[in-house]
Amino acid sequence: MEKKLVKIKLPLTRNDKEDVFVGVNGQTWQIARGVEVELPWNVVKVLERQEKMLAQALEFEEKAAKPLEQLEKKA
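Residues numbered from 1 in each chain as written. Predicted model: local features only at pLDDT ≥ 70, side-chain atom pairs only at ≥ 80, totals over all residues. Heavy atoms only, no water.

(A) Representation of the overall build of the protein in the model. Along the protein, the regular secondary structure elements total two helices and four strands. The order of α-helices and β-strands along the protein, N terminus first, is β-β-β-β-α-α. The burial tally for the protein puts 17% of its 75 residues in the buried class. The long-range fraction of contacts in the protein, counting pairs at least 24 apart against all pairs at least 6 apart in sequence, stands at 45%. Entry remark: accessible area of the protein is about 6,700 Å², with carbon and sulfur atoms responsible for 52%. (Helix = DSSP H or I, 4+ residues; strand = E, 2+ residues; numbered from the N terminus. Buried < 20%, exposed > 50% of the residue type's maximum accessible area, 1.4 Å probe, protein only. Contact = heavy atoms within 4.5 Å. Areas by Shrake-Rupley, 256 points an atom, 1.4 Å probe, with all protein chains shown as cover.)

Okay, here's the thing in structure tokens:
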């Protein structure tokens, strides 16, 4: 079965310089930042979900850090 490949380029930033490791169904990939690569679509989906979950975690941390009174006023 032919696997659909998708071209992506993970951003290289001051804070994120290390390669990204992804494992799916026993296969692994080490993806260099700042370089365009072709990956199977399911690996790209894992990376997209990782970003989405990171954004949700950061949002949760921000809410948890606010005083309880501020949260109750918004509700």
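(B) Region of the structure containing the nonpolar core. With 11 residues, the main nonpolar core is built from I8, L10, V20, V22, V24, W29, I31, L39, V43, V44 and L47. Those residues in contact with V20, other than ones at most four positions away along the chain, are L10, W29, Q30, I31, R33, L47 and Q50. (Core = buried A, V, L, I, M, F, W, Y, C linked by side-chain atoms within 4.5 Å.)

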